[in-house]
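Chain residues, written in single-letter form:
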Amino acid sequence: MAAPILIAVGGSGQHTMLAYLRLARLCNFVPARLMTIDADLRQGNGGSPTTASLIERQARIGFKEKVAWEPVRPLPEVNDTHTQTFESLLRPVPGVDTEVFSALFNQRQREVRVVTGFHGHPSVAASTFRMFLTEGATGLSKLFTEWLPAGGEQRVVVAGSTFGGTGSGVMPVLTSFLKDWCAKHGRQLQLGGVIQVRWFDLGLPDQVTAEDKEKVDVTSHDLERNSSCLVEYYRRNLESMFDQAYLLGHYPHANRKSTGVQQQPEHPHAVNLLAGYVAYQLLHGEEMADSKGLLGVATPDGNLEQHLHLPFGRTHKPQPLARHISATNAEVALDQAILNAFTAGPPSSWDVIEPYPPFFRELVQQSQGSFGGADGSRTQPASSWQDFLEMQKETLRWLAAVREHSHDVQSCEFSEDLVPPAQDVGKLPVHEPHLLGPLHDVFRRVLKNVRPLKYGEDPETVIRHSFYTVRQELENLLEDKLRRIQ
Amino acid sequence: MSRDTFWWLLFAAIVMVAMGLFIANQVHKANQRNALLDQGACEESAMVEAVRSYKTVVLGLAVLATVFGIAVSAALTRRLRPELYQGSRGTGRRFTIGLLVSIGTVFVAAAVLYLLDHSCLHAAVSPEGGLPASVAAGVASYVGGLVPNFWLASILEVLLLSLLSFILLSRVSRFLSGRVAGIGRT
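Within any chain, residue numbers begin from 1 and follow the written order of that chain's sequence. All chains are assigned letters beginning with A, and all ligands numbers beginning with 1, in the order in which they are written. This being a predicted model, a pLDDT of at least 70 is required before a residue's local features are given, and a value of 80 or more before pairs of side-chain atoms are given or counted; all residues contribute to the totals for chains, interfaces and linings.

K.L.:
Before we go on, may I ask you to explain the overall build of chain A in this structure?
P.N.:
Secondary structure follows DSSP: runs of H or I at least 4 residues long count as helices, runs of E at least 2 residues long count as strands, and numbering of each begins at the N terminus. Within chain A one finds 18 helices and 11 strands. In this scheme the burial state of a residue depends on its C-beta neighbours within 10 Å: 20 or more other such atoms mean buried, 12 or fewer mean exposed, and anything in between means partly exposed; the C-beta positions come from the backbone. A buried classification covers 48% of the 486 residues belonging to chain A. This entry defines residue contacts through backbone-placed C-beta atoms, with two residues in contact when those atoms are within 7 Å. Here the analysis covers contacts within chain A between residues at least 6 apart in sequence; of these, 78% occur between residues at least 24 apart.

K.L.:
Explain the interface of chain B and chain A here, please?
P.N.:
By a frequent convention, interface size equals the accessible area lost on bringing the separate parts together. With 28 residues of chain B at the contact, the number on the chain A side is 22 residues. Only α2 (44–79), α3 (81–86), α4 (91–116) and α7 (150–179) of chain B provide two or more residues apiece to the side of chain B that touches chain A. At 6 residues, the largest contribution of residues to the side of chain B that touches chain A is made by α2(B). Residue polarity is assigned by list, with Asp, Glu, Lys and Arg as charged and Ala, Val, Leu, Ile, Met, Phe, Trp, Tyr, Cys and Pro as nonpolar; anything else, Gly included, falls into the polar class. For the side of chain B that touches chain A, the class distribution of residues is 6 nonpolar, 15 polar and 7 charged.

K.L.:
What should I look at first to understand helix α6 (residues 122–134) of chain A in this one?
P.N.:
For an α-helix, the turn length of 3.6 residues means that residues three or four places apart are oriented alike. Compared with an ideal rise of 1.5 Å per residue, which puts 13 residues at 18 Å, α6(A) spans 18 Å between its outermost C-alpha atoms and is within 8% of the ideal. Within α6(A), burial applies to Pro122(A), Val124(A), Ala125(A), Ala126(A), Ser127(A), Thr128(A), Phe129(A) and Phe132(A). Given a helix with a known number of residues, its expected span is that number minus one, times 1.5 Å.

K.L.:
Got a minute to help me understand the confidence of the model for chain B in this structure?
P.N.:
Fine structural detail should not be taken from predicted coordinates in areas where pLDDT scores are low. Residues and elements named next belong to chain B. Confidence per residue, as judged by the predictor, is encoded in pLDDT with a range of 0 to 100. Looking at chain B, pLDDT values average 81 and 88% of them are 70 or higher. Ranking the elements of chain B by mean pLDDT puts helix α6 (residues 133–140) last, at 75, and α3 first, at 92. In this model residues 181–186 is a low-confidence stretch, pLDDT under 50, and it forms 13 contacts with partners more than four residues away in sequence or in other chains. Two numbers describe this predicted complex: its pTM, 0.84, and its ipTM, 0.80.

K.L.:
How should I be thinking about the nonpolar core in this particular structure?
P.N.:
Side chains of a nonpolar character, in soluble globular proteins, are inclined to be buried together. Only buried residues count toward a nonpolar core: Ala, Val, Leu, Ile, Met, Phe, Trp, Tyr and Cys, linked into one set through C-beta atoms within 7 Å. In this structure, Leu6(A), Ala159(A), Val194(A), Leu248(A), Ala279(A) and Leu334(A) are the most contacted members of the largest nonpolar core, which totals 125 residues. With 12 residues, helix α13 (residues 321–343) of chain A is the largest single contributor of residues to this core. With residues up to four places along the chain from it excluded, the contact list for Leu248(A) reads Val194(A), Ile195(A), Gln196(A), Val197(A), Val271(A), Leu274(A), Ala275(A), Val278(A) and Ala298(A). By size, the runner-up hydrophobic cluster in this structure holds 44 residues, among which are Met47(B), Leu64(B), Ala137(B) and Phe150(B).

K.L.:
Whenever I open this one, the domain arrangement of chain A confuses me. Can you help?
P.N.:
Residues and elements named next belong to chain A. When cut into domains, chain A gives domain 1 (5–300) and domain 2 (319–485). Contact residues are listed per partner, giving 19 residues for domain 1 and 23 residues for domain 2. Going through the elements one at a time, α1 (10–27), β8 (254–257) and α11 (270–284) are the ones with two or more residues in the side of domain 1 that touches domain 2. The element contributing the most residues to the side of domain 1 that touches domain 2 is α1, with 4 residues. All the domain ranges listed were derived from an automatic or database domain assignment.

K.L.:
How should the packing of α6(B) against α7(B) be read in this particular structure?
P.N.:
When two helices pack together, their arrangement is given by the angle between the helix axes and the distance between those axes. All names here are of chain B. With axes taken as lines fitted to C-alpha atoms, and helix axes fitted only over the stretch in contact, angles between N-to-C directions fall between 0 and 180 degrees. The interhelical angle for the contact between α6 and α7, taken along N-to-C directions, is 20 degrees, at an axis separation of 8 Å. With respect to α7, the axis of α6 lies roughly parallel. In terms of crossing hand, the pair formed by α6 and α7 is right-handed. Taking contact as the criterion, the partners of Ala133, Ala136, Ala137 and Ala140 in α6 are, on α7, Phe150, Ala153 and Ser154. Partitioning the contact of α6 with α7 into residue classes produces 6 nonpolar, 1 polar and no charged. For classification purposes, angles smaller than 35 degrees are called roughly parallel, those larger than 145 roughly antiparallel, those between 65 and 115 roughly perpendicular, and all remaining angles oblique. Handedness of a crossing follows from how the near helix is turned relative to the far one, being left-handed for an anticlockwise turn of less than a right angle and right-handed for a clockwise one.

K.L.:
Is there a simple way to think about unusual backbone geometry in this case?
P.N.:
Apart from glycine, the bulk of residues carry a negative phi angle, and the bulk of peptide bonds sit in the trans form. All names here are of chain A. Here glutamine 380 and proline 381 are connected by a cis peptide whose omega angle stands at 0 degrees. In the Ramachandran plot, asparagine 28 falls in the positive-phi region, its phi being about 55 degrees despite a non-glycine side chain. Positionally, asparagine 28 belongs in the loop between α1 and β2 (33–37). A tally of 22 C-beta atoms within 10 Å means that asparagine 28 is categorised as buried.

K.L.:
Explain the pairing of strand β11 (residues 317–320) of chain A here, please?
P.N.:
As a general feature of sheets, a regular strand has side chains that alternate between the two faces. Strand pairing requires that DSSP identify at least two bridges connecting the strands. Looking at chain direction, strand β10 (residues 309–312) of chain A and β11(A) are connected through 4 bridges and run antiparallel. Across the sheet, Leu310(A) pairs through a bridge with Gln319(A), a residue of β11(A).

K.L.:
What's the story with the packing of α13(A) against helix α15 (residues 382–405) of chain A in this structure? I'm lost.
P.N.:
Residue and element names in this part refer to chain A. At a minimum axis distance of 10 Å, the contact between α13 and α15 shows a crossing angle of 150 degrees. Judged by the inter-axis angle, α13 sits roughly antiparallel to α15. The handedness of the crossing between α13 and α15 is left-handed. Packed against α13, whose contacting residues are Ile325, Thr328, Glu331, Val332, Asp335, Gln336, Ile338, Leu339, Phe342 and Thr343, the element α15 presents Ala382, Trp385, Gln386, Leu389, Gln392, Lys393, Thr395, Leu396 and Leu399 at the interface. Grouping the amino acids of the contact of α13 with α15 by side-chain chemistry returns 10 nonpolar, 6 polar and 3 charged.

K.L.:
Would you mind going over the sheet that holds strand β7 (residues 244–248) of chain A with me for this structure?
P.N.:
Strands pair in a sheet through their backbones, by hydrogen bonds, and they do so in one of two ways: parallel or antiparallel. Residues and elements named next belong to chain A. With respect to topology, 7 strands assemble into an open sheet ordered β3-β2-β1-β4-β5-β7-β9, the strand pairing being parallel. For this open sheet the edge positions go to β3 (69–72) and β9 (293–298), each flanked by a neighbour on one side alone. Shown here is a sheet whose adjacent strand axes are inclined to one another by a mean of 15 degrees, direction ignored. As paired strands, strand β4 (residues 153–161) and strand β5 (residues 188–196) are joined by 9 bridges and run parallel to one another. By the bridge assignment, valine 156 is partnered in β5 with leucine 191.

Here you go:
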C-alpha cells in the first residue's frame, strides 16, 4: 500500500494536521504525505507564526524521512491578488446574471476577499472551489498524477470542520470529486474524515478597539449557523462522502479569542490533539481499517495522555501517550547532551580512554562536518541536530500550551512532571529524570547502537537517520528498563 | 551505579589489592631482615642492598599506582560530566586528578614502607654512620648522580617515572579502548 495521504482543509483542518505532525514527533512515526487546501496560506508578518508557516516548517525540517507537502490555494486564476472579491471572481463568467447572483449570495458574501480566505462563508468556499476544479484544478495535479497510483488501496483522510468557511464549503465538494475521480480511473480509495464540529465560542481580543472590532470577520453566530447547517448535511450524506469518519468536538464550548482577518495563528487545544490522534488512527491504524460509516463522536477528557495509545519501542506494542511524552522528554535530555558534546569540541588526546562512542566520529565524517559550532554558526552536524532538537522541544511547548488553553473545559490536565511548563522546556535537569538512569550511562548505551556509517553518503540523510535512530534506540532502552522495573 | 562504573571500580580495587599484597610481602621480608639484623651489625653491603631493595619496591609501586590513577581517570571520563552538562572539555581536570592519585598513592605507599622497614635502610640514609650521601642517592635513584641527596633523588625519580608511566600507559589504554570492541563499554 502506498503511503497514506492527509488532506487538511481550512483552518481547523490545518490544526488537525499540526496536531498529527506533533504526534509524529512525540511518537516517532513517519507521517503521511500532506496536502493543505486553504485560500490563506500566508506565512505571517513577524507576529505569531501562522498555521501555514508552522506546517511548512514541520515539513521542511522533516522526520526520519522527508515529508511530501503540497499547499493548494483553492482559487481559480486570480488576476489582482489584493482586491479580488468573490463577486469579481464570478462577474466575468458568461451567463451569470447579476440578479441571480445577488439572490443567491448576500452582500457580505459577495464582498468576501477570497484571496485571504473564505471568512466563515461555506457557500462562497464551495462555489469558488467548484470553479477551481472546473478550471482543471492544477494545484491538485500532484494528488492525481503522483499520489494516487493505480493498484492497491490508497488511504486518504480529509480533515476539516463544519463551522468555518473553507472546511465547511470545500470538504463536501472535494470528497465528492475525489470519489468520482477514483471510481472513473479505477483507483481503490479508502476515504476517511476527521470533522470538527463547533466546540468553541469566539470572543473579541482583549483591549479591542472599535476599529479592530470592525475587522473581526467571523463571529460565534456565524459558527453556529454554519455548524447547524453542516451537521444536518453530514447527517444525511456522511456515508456517501466518507468510508469512515469521526466527529470531534466539545461541550460546553471552550473560549477562543478572534485574531481577525490578518492572520491565522495556531490555537493549541485538546480537541485538536484528539483530532490529530484520530487522523493517525485512520491513516496508519489497523483497528479501524475495516470499519465503515460514522465511527464515533469523540471529545477529550482530563486524561487524554492515558487514553490515546500509539506503538512504542521495538515491540511496537501500543502504549499510552504519556509514555511517548516521557520518552520525548528523555530524548530532549539525551539530544541536548549530544549537542553539548559537539559544542565541547573534538575529544582530547589526553583522555585515558576513548571518551565518546564511535557515533561521534562517524557522524562528523559522514556529514562532512566537524565538531563544535552549535552556538550560532551553521557547522554540521551540530546545526541540523539543533534544528531537530528544537522541533522536539517545540512539541513539548505545544503540549504545555494545549494544557493551558484547555484548562477552561478541563479537557486536558497533563502533570507538570510529564509536560513541563513552556519556559522550562529544554533545561537538562527537567528532562533528565525521564531517562530512568544516569545520563552518561544512557548516552553510551544508546549511542553504541547508532552507526552513521551505515546511513549512506548524503550528509543530510545521515544526520536525519542518526537523530531518529537515537530516538528509536532510546525507546528500546526505556522499554527494556520499564519491563525490568515491572 | 552503572555497569561500566562498576567494572572500572572493580579494576581499581584489583589494583589496590595487588598493591596491598605487594606491600604486605615487602613488610614481611623487612621483618625477616629486621630479625636477622638483631643477630649482627649492619654492614655497608647490607646497607647498599637495603637501599637497592627499597628502590626496586618503590619503582614497582610507581607502576602499580599509575594503573590505579588511570582507572580513576577512566572512571571520571566515563561520566563525561563537563561535556554532557556544560558543553566544555573536562579532559584536563580528569587527567590531572588521575596523575595526582597516581603520584600521591606511590608516595604514601613509599612512606609507609620506609616507616615499617627497620632494616639497614634507616641506617643507610642516616647522616651519621650511614652511606655517603652521593652513594645512597646513586643507589636509590638513576638520577642520583646529579642530585646527591637520597630523599631528593628518590622523589625526583618517582615523579619522573610516574609521569612517564602514566603518559605511556594512558596512551596504551586509549589505544585499546578505541579499538577493542567492548572494552569499558556496556
